[in-house]
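Letter by letter, the chains look like this.
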Amino acid sequence: MNNIAYICPITKVKLDYHAISNKINLDDSGFYYADKSPYVYPVINQTPIFFVFPTKITQSFFVRNSELIQKIKKGGICPDKSPEKGEASVQTTFTEQWTNLGDDELSFTYTHDDLIYLHKSVWLHDDPTITKKINVLNIGCGFGLEAMVLSDIFSNATIYAIDLNLSVVKAGKNLIEKSGSKVIPIAASLFHLPFGEDTFCHIHCQGVAHHTYSTQDAYKAISRHVNPKLGSIFFWVYAWEDSMGMPGFRGALIRMYWFLSHRLLRPILSRAPSSVRAFTIFTMAVPYHFLVSKRRGRLRDKWKFKNTMHGLRDMFTPQYAHQHRWNEVIGWLQESGFEMQVQKKHDFEKKFSQRMLGIGLFGKRVA
Ligand SMILES: C[S@@+](CC[C@H](N)C(=O)[O-])C[C@H]1O[C@@H](n2cnc3c(N)ncnc32)[C@H](O)[C@@H]1O
């Protein structure tokens, strides 16, 4: 259940809610507004949309509900700022990626039980304070599967699940119902969060910040929302060493993939029309699915064509996928006063029989 007040991500004033009870568009649930601010934020399918820039979905909400909006908030307008660099492309490519996968039981290569083990034991070290946390911010929740996992792990917390992609709006009401109101879906950018600073007991940001224009700026934007006394953060990003630091034949293969993805496909596909992206990914997915992915791996019986498409979209279509060195990321967490635990490589590799990738740090504020 929502126990945190939303603030306007542009003017920082506290927002009020007005519910819509019309029969024109049953998905239009209401809107957030404030007396001291001109901006109005739609709630569609029970999901508040706190983008600071206009999108098709928010603009058509304004057209549908203009009379009511003006009655409640005279002069209320759709947020009119610009997206951060590259955000429009990131939003489009990830909306396609998650909408096509939808509510599948596999998120990337993990089942729900895998994800519980991975998050709770490998990444959060079975920390005894987990059940004491009352609110958690899940940044970049995708379609919401990750938020559902966090709601099982942080058993006494409300999980605020935010993402820039619009599939989170589609997941909205269903996510609230499935989680018994423990997950609150929100469409927003991590650079413009609708929350006051120091709000959260825990912030979970896994595989997200490296897809923004600057991983370090993204880290700074989210880490200031961690409670200064008892708060914690889990931060996972791509590691430079995984692709550039590997010796031998394997290293050469990984560097070749890096070149193909970063120098060739990402720049073209992230900017291409949706249909070109869909055609290219489909063309790659057909041979890849039948020759490689369907034959391999622990979960091959559950693995479907749409999982292959999802994986390929993730590998080749987001505009940014920065890689970082361990010391660089450790430095960011240290500078903002976190004591850190590193992801449990040995436990991961024993359980999943695959190489552990990325930089995964669990940082705790020291009281
Ligand atoms: C690779 S997915 C990871 C999703 C999820 N954490 C998981 O592992 O299942 C990266 C997610 O980050 C989101 N994202 C990228 N930039 C963002 C931003 N500025 N604000 C919020 N979410 C963002 C994308 O929309 C996408 O859903």
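Residues numbered from 1 in each chain as written. Predicted model: local features only at pLDDT ≥ 70, side-chain atom pairs only at ≥ 80, totals over all residues. Heavy atoms only, no water.

Trainee: Explain the environment of L230 here, please?
Mentor: Relative to the helices and strands, L230 is located in the loop between α6 (215-223) and β9 (232-237). Look at L230 and you get exposed, because its relative accessible area is 68%. Taking the C-alpha atoms as reference points, L230 and P318, 88 residues apart in sequence, are found 34 Å from one another. Apart from residues no more than four positions distant in its own chain, L230 is found in contact with K133 and C201. (Helix = DSSP H or I, 4+ residues; strand = E, 2+ residues; numbered from the N terminus. Buried < 20%, exposed > 50% of the residue type's maximum accessible area, 1.4 Å probe, protein only. Contact = heavy atoms within 4.5 Å.)

Trainee: What am I meant to see in the side chain of N138 here?
Mentor: Positionally, N138 belongs in strand β5 (residues 135-139). A polar contact of 3.3 Å, which involves the side chain of N138, links it to the backbone nitrogen of A147. Apart from the residues lying within four places of it in its own chain, the contact partners of N138 are E146, A147, L150, I159, Y160, A161, I162 and H204. (Polar contact = N/O pair within 3.5 Å; in protein donor to acceptor, adjacent residues only side chain to side chain.)

Trainee: Would you mind showing me how to read the domain arrangement of the chain here?
Mentor: One frequent convention defines the size of an interface as the accessible area lost when the parts assemble. Segmenting the chain into domains produces domain 1 (1-82) and domain 2 (84-367). Between the C-alpha centres of domain 1 and domain 2 the distance comes to 28 Å. Each partner contributes residues to the interface: domain 1 has 21 residues there, and domain 2 has 30 residues. Taken together, the connections running from domain 1 to domain 2 amount to zero salt bridges. Taken together, the links from domain 1 to domain 2 amount to eight residue pairs in polar contact (both at pLDDT 80 or more). A per-class count over the side of domain 1 that touches domain 2 returns 14 nonpolar, seven polar and no charged. (Domains from an automatic or database assignment. Salt bridge = Lys/Arg side-chain N within 4 Å of Asp/Glu carboxyl O. Nonpolar A, V, L, I, M, F, W, Y, C, P; charged D, E, K, R; others polar.)

Trainee: Looking at this structure, I do not really get the sheet that holds β5. What am I missing?
Mentor: Sheet strands associate in pairs through backbone hydrogen bonding, adopting either a parallel or an antiparallel arrangement. With mixed pairing, the seven strands of this open sheet are ordered in space as β7-β6-β5-β8-β9-β11-β10. Looking at which strands have only one partner, the edges of the open sheet turn out to be β7 (183-187) and β10 (338-342). With strand direction ignored, the average angle separating the axes of adjacent strands in the sheet is 20 degrees. Bridge count for strand β8 (residues 202-206) against β9 is five bridges, and the pairing is parallel. For C205, the partnering residue across the bridge sits in β9 and is F235. Those strands touched by helix α5 (residues 167-178) are β6 (158-163) and β7, and its axis lies near 165 degrees from that of β7. (Pairing = 2+ DSSP bridges. Axes fitted to C-alpha atoms, helices over the stretch in contact; angles between N-to-C directions.)

Trainee: Just checking my understanding: could you explain the pairing of β9 for this structure?
Mentor: In the case of a regular strand, side chains alternate between the two sheet surfaces. Of all six residues in β9, six are buried; the element is thus mostly enclosed. Where burial is concerned, the two faces of β9 agree: the one with S232, F234 and W236 and the one with I233, F235 and V237 are both buried. Handedness of the β-α-β unit built from β8, α6 and β9 comes out right-handed. Pairing of β9 with strand β11 (residues 359-365) involves six bridges; the strand directions are antiparallel. (Right-handed = clockwise from strand over helix to strand, strands pointing away.)

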